[in-house]
Amino acid sequence: MRASVLRDGRMVLRDDVADPVPGPGQVLVAVKACGICGSDLHFAQHGATVLELGAQLQGAPLGGAPLDLSADVFLGHEFSAEVLEAGPDTDAPAPGTVVTSVPVLLSGNGVEPIFSSNTTIGGYAERMLLSAPLLLPVPNGLDPRHAALTEPVAVGLHAVNRSAIAPGEAALVVGCGPIGVAIIAALRHRGVEQIVASDFSAKRRELAQTVGAHRTVDPAQESPFDTVAPAVVFEAVGAPGIINDVLRRAPARTRLVVAGVCMEADTVLPFFAAAKEIAIQFVFAYDPAEFAESLRAIAEGAIDVAPLITGEVALDAVGAAFDDLAHPDQHCKILVTP
């Protein structure tokens, strides 16, 4: 079968990948759509750094089989798919059922995240394996392309949940890339009545308003903190210096939720946070209940993900799509549709 794989920092098409065979508790699925995530782009450019930092991580290791960057790497974790067949002694939805799942594969060898692997095939392929107990049938005849965005929406919903924001509190979202707009959509879903979004890109500000921001700010023209006194600030940029700038400018007792993943060393002045009693919460991913709620919200029309999709490519154009996503004014989310 065909799959787009990471090889020497570039996505290339292979047409000789062996079809995966489902084992007990697993299903073989045909990929309908898979979103290209910013973490995929980052891994393609800085995979060695990601592995090095992951090796240093203690207390909550990322897990998964050892990864060899000199060999082909399978990527793609924002997907929807159609069930083809179940493995032995496996209770699974009927063939033809459109499903999605948290990106985890269970097997006799343990738990393998469907993120980056030399052996576990991800969503940039014609077919892949999923775990039957984790499958969620896509309801309401939802477009599989929209169902594929359940995963990034769940990331935004998790950040909002961890913030414990109340509807009457004001929110400021700094950065309106895919995670920032997912946070905005989740805030609107939670009934937050004042959502301000800040981004240098006019197109991203427009998208932020489309998904639910009440007001947008160009930080090159004005400070968002002159526009709103937020109870909660969501940092969705992931670049050095942003956290410290928020600590310096935010009102006293603001809650700062850091959703942007910065892979570089960063410096903050604790005095800014201490003097104003700012609480800082780092967030990552989501739990299965949030994933299921995100799918339900999309299927019921409570969260409209259609505006996020700004492009679609086949497997042979994934590499070019990675290049295109380096320009924030051109795209938000590109889907791979095998």
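Residues numbered from 1 in each chain as written. Predicted model: local features only at pLDDT ≥ 70, side-chain atom pairs only at ≥ 80, totals over all residues. Heavy atoms only, no water.

By the naming in an unreviewed UniProt entry, the protein goes by Zinc-binding dehydrogenase and is assigned to [Mycobacterium] manitobense.

A. The arrangement of the side chain of threonine 100 in detail. Structurally, the position occupied by threonine 100 is in strand E6 (residues 98-101). There is a polar contact of 2.7 Å between the side chain of threonine 100 and the backbone oxygen of phenylalanine 79. Apart from residues lying up to four places away in sequence, threonine 100 is in contact with Phe79, Leu134, Leu135, Leu136, Val138, Ala147, Thr150, Phe291 and Leu295. (Helix = DSSP H or I, 4+ residues; strand = E, 2+ residues; numbered from the N terminus. Polar contact = N/O pair within 3.5 Å; in protein donor to acceptor, adjacent residues only side chain to side chain. Contact = heavy atoms within 4.5 Å.)

B. How the structure looks around the pairing of E6. Across 2 bridges, the pairing between strand E5 (residues 78-86) and E6 is antiparallel. Opposite alanine 81, over in E6, you have valine 99 as the bridge partner. By the bridge criterion, 3 bridges tie E6 to strand E10 (residues 135-137) in an arrangement that is antiparallel. Within E10, the residue paired with serine 101 across the bridge is leucine 135. (Pairing = 2+ DSSP bridges.)

C. Structural view of the nonpolar core. If you look at the biggest cluster of nonpolar residues, it comprises 44 residues, and the most contacted ones within it are Ile183, Ile184, Leu187 and Phe234. For this core, the leading source of residues is helix H4 (residues 178-189), giving 6 residues. Setting aside chain neighbours within four positions, we find phenylalanine 234 in contact with Ala159, Val160, Ser163, Ala171, Leu172, Val173, Val174, Ile183, Leu187 and Val257. By size, the runner-up hydrophobic cluster in this structure holds 42 residues, among which are Val50, Phe74, Val83 and Val336. (Core = buried A, V, L, I, M, F, W, Y, C linked by side-chain atoms within 4.5 Å. Buried < 20%, exposed > 50% of the residue type's maximum accessible area, 1.4 Å probe, protein only.)

D. The state of the cysteines, seen in detail. As enumerated under the stated definition, the model contains 0 disulfides in all. Just so you know, cysteine 262 is unpaired, no disulfide at all, and the nearest cysteine sulfur is the one on cysteine 37, 16 Å from it. The exposure class of cysteine 262 is partly exposed, given its relative accessible area of 27%. We note that cysteine 332 lacks a disulfide partner, and the nearest cysteine sulfur, in cysteine 176, lies 9.7 Å from it. (Disulfide = S-S within 2.5 Å.)

E. Quick look at the packing of aromatic side chains. The tally for this structure, following the rule as stated, stands at 4 aromatic pairs. Plain terms: the ring middles of phenylalanine 43 and phenylalanine 115 are 5.9 Å apart, the flat faces sit at 80° to each other, and that makes the pair edge-to-face. Of this pair, phenylalanine 43 sits in helix H1 (residues 38-56) while phenylalanine 115 sits in the loop between strand E8 (110-113) and strand E9 (127-131), and the two are 72 residues apart along the sequence. The exposure class assigned to phenylalanine 43 is buried, which follows from its relative accessible area of 2%. On the accessibility criterion, phenylalanine 115 (27% relative accessible area) is partly exposed. (Phe/Tyr/Trp six-rings, centres within 6.5 Å; stacked < 30°, edge-to-face > 60°.)

F. Expanded view of helix H6 (residues 242-249). Along H6, the positions that sit buried rather than exposed are Ile243, Asn244, Val246 and Leu247. Here the buried residues of H6 occupy an arc of 160° about the axis, which is enough to place them on one side. Looking at the buried positions of H6, the neighbouring elements they touch are strand E14 (232-235), strand E15 (255-258), helix H7 (270-276) and strand E16 (279-282). (Arc of directions from axis to C-beta.)

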